[in-house]
Structure formats: C-alpha cells, structure tokens
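Understanding the architecture of this molecule
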Amino acid sequence: MTLSSPSFHSKNFTTEDTEITEEKHRERIRTAENSGAFNAADPLLETLCGTSSVISVSSVVSFVRRCSHLRVGNPRPPAWIYNIHMSDLLIIAGRQFQSRLIVGTGKYKSFQETARALVASGAEIVTVAVRRVNLDRSKESLLDYIDPKKYFLLPNTAGCYTADEAIRAARLGREVGISDWVKLEVIGDQATLYPDIQATLEATRVLVKEGFTVLPYTSDDPVFAKRLLDAGAATIMPLGAPIGSGLGIQNRANIQVLREIVTGVPLIIDAGVGTASDATVAMELGADAVLMNTGIANAQDPVRMAEAMKHAVLAGREAYLAGRMEKKLYASASSPLEGVVR
C-alpha cells in the first residue's frame, strides 16, 4: 500500500479531533514506536491514511513530513502529529517534550490572538507571567484561553528586580496551582533588561531547595553558567540579544562555548529572536530549544510568524544534527573532474 492515499486530503482536523486523537492515541503511538510498527487499523492511522495494513514507523514519518504543509480543514493538523518525526526529544528535568519551541504569552493584541498563535507554533511549553495575569479568574484571564491539558504552563517571574521578588512570584505560581516549575527572571537593568546574575543565582539556590524546577534566564557568561549548574538549575537559558530587541543572535561565540560546557541540562536561547532565521541560527549553534515572545507577538501577522518559527526551529535542529559542510576559501566543483570524457 502507498502512504500517498487521497483519503488524508479529505480529513478535517477540528479542535475536537485534536483533543480526542491526542488523549486516546498518544500512549498507543509510544507503544507502537517501541515495537517498530504501527497498525493502520488504529483510528489515528485511519485518520492519516485510511488504510488497514501494517506499516513501518519510518513510513509514517515520511508521510507526515510530506503532508505537514497541507492546509485542510480548520485548524491545522495537531502540532504533536507535525512534530512526531523529531526523533530526539527535548528532556527537561526528566520530562519529555516533542517541540523545541517555547513561547511566551505577552504583547498580543488579544487573548484570542494569543490562542491562535499558540496553536500555529506547535509549542508544548507556554510561559505565563505570574505578576501580569489574573490568577483568581475574577474577570477574563489569559488562563481561560490556555488549555492545561494541551500545554505545559511554565510560570515566569517577569518584572522582578530582586531575588526576593522572584522567589515570592515563584511561590505564588505554585500556590495557585500553575506549576512547581519556574522560568526565573531577575532583571538587573531596566534599560537593557539584562539579568542580575548574582540575584538570579541567589534565587535559584533558594527555589531549588524548596523543590522547584528552575529554568533561569541568564547572561552568556560560561563561568556563571557553571555556578547555576552547581546550584541545581534545570536548564541554562542565555539571552541571544536583549529582551524584545529582535536583533537576532549577537553572541555566537559565547553560545558555542556554552554548548561545549553545558552538557548535563538543556541549553535554551532566551530572548532576542526577531524572525525565523534567528531561530534557525540559534538551533544550528547547538541550542536544545528556543524561547521567544516578542518576535511572534509583535510581527505584523503573529499567527503566521508563529508557524514560521515552528518550521525554523525544526530546520535548525535537523541541520545541527546533520552537520554542516566545512567552509572553504576557494571553490570546489560539484561535479568532480575525475573520469570526465575529454
């Protein structure tokens, strides 16, 4: 049988389909992957192919890759189907994620636009500013538009300028039931929004002792990265450029150095991404993931930019794993001269 079955093109992936398929079949997919084959009689593959024979995992992967650009129905195919071909998972503190794109939720024109952009991004981890969201739900809240069954909510301490403020914000996020994970931000300078690295280290030590999983926003200083690791940080998250600047990766050499020394936890580029090529560069440098907000939210079409970032992160990761060719000063003919008929 062939996987280019036209039955896929007639399927409409509705929000309801996404919820049902994901809840019922994630475990079945994991089991099938471990055994080396999918049974196409499974409703998931009936959705994809409309067939009833056994096919290999690699065939499904190839099919999903070929069809991932289709725009059939509303909304798009579920993000987890799109990302299923990423064979290496992002693992943070023992938890696995398919997507290597982490997105923030600030600066959008509306909550509805935020929700659409999240779907388009394919992200699984979504950051929420504890101090800037209505936690008691007494009025319309961003949290009303983010389904915790679909997304992993990561509270952040945006807007905190001292270790004590950040610690209180993290505790608040846990107390209201969002998460005991925290994306830790302690700002040291209002103009540049650079991190206060000493206060960040202090807050990391306290929060780790209290049982938090801490993902700290930090500088690109390799020495300080080692101190955060010693303090128990679950990731190292250096800025690529100032928050909200959109300048792209301005510190490639330092990022490469960090990639060499940060091996036990993920290295995640946080801040500075302005467009899709910036995200690709970050991933090609060896970053395990990219976190962004303004680059999507401030685009003229945030939803389309969110999708562009999804593709960019995937492309950058694949390129990094593939290994780029060596750069050369002089030309090298694509067709060798050996054996040429003269």
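So, here is what we can say about the structure in this document. This is a predicted model, so every value here is computed, not measured.

Criteria and thresholds
Starting afresh in each chain, residues are numbered from 1 along the sequence in its written order. Only residues with pLDDT of at least 70 are given local features in this predicted model, and only at 80 or more are side-chain atom pairs given and counted; all residues enter the totals for whole chains, interfaces and linings. To obtain the side-chain values, all non-hydrogen atoms of the structure were used and water was disregarded. In this description a helix means any DSSP run of H or I spanning at least four residues, a strand means any run of E spanning at least two, and both kinds are numbered starting from the N terminus. Accessibility here uses a 1.4 Å probe with only protein chains present; expressed as a share of the type maximum, an area under 20% marks a residue as buried, one over 50% as exposed, and anything in between as partly exposed. By definition in these notes, contact holds between two residues if any of their heavy atoms fall within 4.5 Å. Strands are treated as partners if at least two bridges between them are detected by DSSP. The definition of a right-handed crossover adopted here requires that, viewed with the strands pointing away, the path from the first strand over the helix to the second runs clockwise. Throughout, nonpolar core names a set of buried Ala, Val, Leu, Ile, Met, Phe, Trp, Tyr and Cys residues whose side chains join them through atoms within 4.5 Å. Positive charges are assigned to Lys and Arg, negative charges to Asp and Glu, while His and the chain termini are left out of the count. Within this document, salt bridges are pairs made up of a side-chain nitrogen of Lys or Arg and a carboxyl oxygen of Asp or Glu, the two lying within 4 Å of each other. Only rings of Phe, Tyr and Trp enter the pairing, Trp through its six-membered ring, and a pair is recorded when the two centres are within 6.5 Å. The plane angle decides the type: under 30 degrees is stacked, over 60 is edge-to-face, the rest tilted. To get an axis, a line is fitted to the C-alpha atoms, and for a helix only the part in contact is used. The angle between two axes follows their N-to-C directions and goes from 0 to 180 degrees. Each angle receives one of four descriptions, namely roughly parallel if under 35 degrees, roughly antiparallel if over 145, roughly perpendicular if within 65 to 115, and oblique otherwise. Here a crossing is taken to be left-handed if its near helix is turned anticlockwise relative to the far helix by less than a right angle, and right-handed if that turn runs clockwise. Three categories are distinguished: nonpolar for Ala, Val, Leu, Ile, Met, Phe, Trp, Tyr, Cys and Pro, charged for Asp, Glu, Lys and Arg, and polar for the others, with Gly belonging to the last.

Observations regarding unusual backbone geometry
Negative phi values dominate among residues other than glycine, just as trans dominates among peptide bonds. Despite not being glycine, alanine 93 shows a phi value in the positive range, around 50 degrees. Along the chain, alanine 93 turns up in the loop between β3 (90–92) and β4 (95–97). Classification of alanine 93 by relative accessible area gives exposed; the value is 52%. One non-glycine residue, alanine 271, adopts positive backbone phi at about 95 degrees. Residue alanine 271 is classed as buried on the basis of its relative accessible area of 9%.

Quick word on the environment of valine 262
Considering the arrangement of structural elements, one finds valine 262 in the loop between α9 (252–261) and β11 (268–270). Distance in space between the C-alpha atoms of valine 262 and proline 222 is 8.7 Å, their sequence separation being 40 residues. When near neighbours in sequence (up to four residues on either side) are disregarded, valine 262 contacts Ile236 and Leu267.

Topic: the pairing of strand β8 (residues 181–184)
Side chains Trp181 and Lys183 project from β8 onto one buried face, and the interleaved Val182 and Leu184 project onto a second face that is buried too. Taken together, the four bridges between β8 and strand β9 (residues 213–218) define a ladder with parallel strand orientation. Considered in β9, the bridge of tryptophan 181 is made with threonine 213. Following the chain from β8 across helix α7 (residues 197–209) to the adjacent parallel β9, one finds a crossover that is right-handed.

So, the nonpolar core
Membership of the largest hydrophobic core comes to 49 residues, with the highest contact counts inside it found for Ile146, Met292, Ile296 and Met309. Among all residues touching isoleucine 296, those that are not within four sequence positions of it are Val103, Tyr108, Ala117, Pro302, Met305, Ala306 and Met309.

With respect to the side chain of aspartate 278
Assignment of secondary structure puts aspartate 278 in helix α10 (residues 276–284). In this structure, aspartate 278 is buried with no salt-bridge partner, the nearest side chain bearing the opposite charge being arginine 252 at 6.9 Å. Ignoring anything within four residues of it in the chain, the contact list for aspartate 278 reads Gly246, Gly248, Ile249, Gly272 and Val273.

Remarks on the pairing of strand β12 (residues 289–292)
Because side chains alternate across β12, one face comprises the buried residues Ala289 and Leu291, and the other comprises Val290 and Met292, equally buried. Pairing analysis gives three bridges linking strand β5 (residues 101–103) to β12, with the strands arranged parallel. Counted as the bridge partner of valine 103 is methionine 292 from β12. Pairing between β11 and β12: three bridges, direction parallel. Residue pairing for β12: aspartate 270 is matched across the bridge by leucine 291. Handedness of the crossover joining β11 and β12 through α10 is recorded here as right-handed.

With respect to the packing of aromatic side chains
In total, this model carries four aromatic pairs according to the counting rule given. Here phenylalanine 97 and tryptophan 181 contribute two aromatic rings whose centre-to-centre distance is 6.3 Å and whose plane-to-plane angle is 80 degrees, an arrangement assigned as edge-to-face. Linking phenylalanine 97 in strand β4 with tryptophan 181 in strand β8, this pair joins segments that are 84 residues apart in sequence. We classify tryptophan 181 as buried; its relative accessible area is 9%. Between phenylalanine 152 and tryptophan 181, the ring centres sit 4.7 Å apart and the planes meet at 70 degrees, which makes this aromatic pair edge-to-face. Taken together, the residues span a long stretch of sequence, with phenylalanine 152 in strand β7 (residues 152–156) and tryptophan 181 in strand β8 at a distance of 29 residues. Judged by relative accessible area, phenylalanine 152 falls into the buried class, the value being 11%. Through a chain of ring-to-ring contacts, three or more aromatic side chains come together here, namely Phe97, Phe152 and Trp181.

Some points on the packing of α10 against helix α12 (residues 302–322)
One can describe the packing of α10 onto α12 by two numbers: an axis separation of 7 Å at closest approach and a directional angle of 25 degrees. Here α10 is positioned roughly parallel relative to α12, judged by the angle of their axes. In terms of crossing hand, the pair formed by α10 and α12 is right-handed. Between α10 and α12, the residues in contact are Ala276, Ala279, Thr280, Met283 and Glu284 and Met305, Ala308, Met309, Ala312, Val313, Gly316, Arg317, Ala319 and Tyr320, respectively. Residues of the contact of α10 with α12, tallied by class, amount to 10 nonpolar, two polar and two charged.

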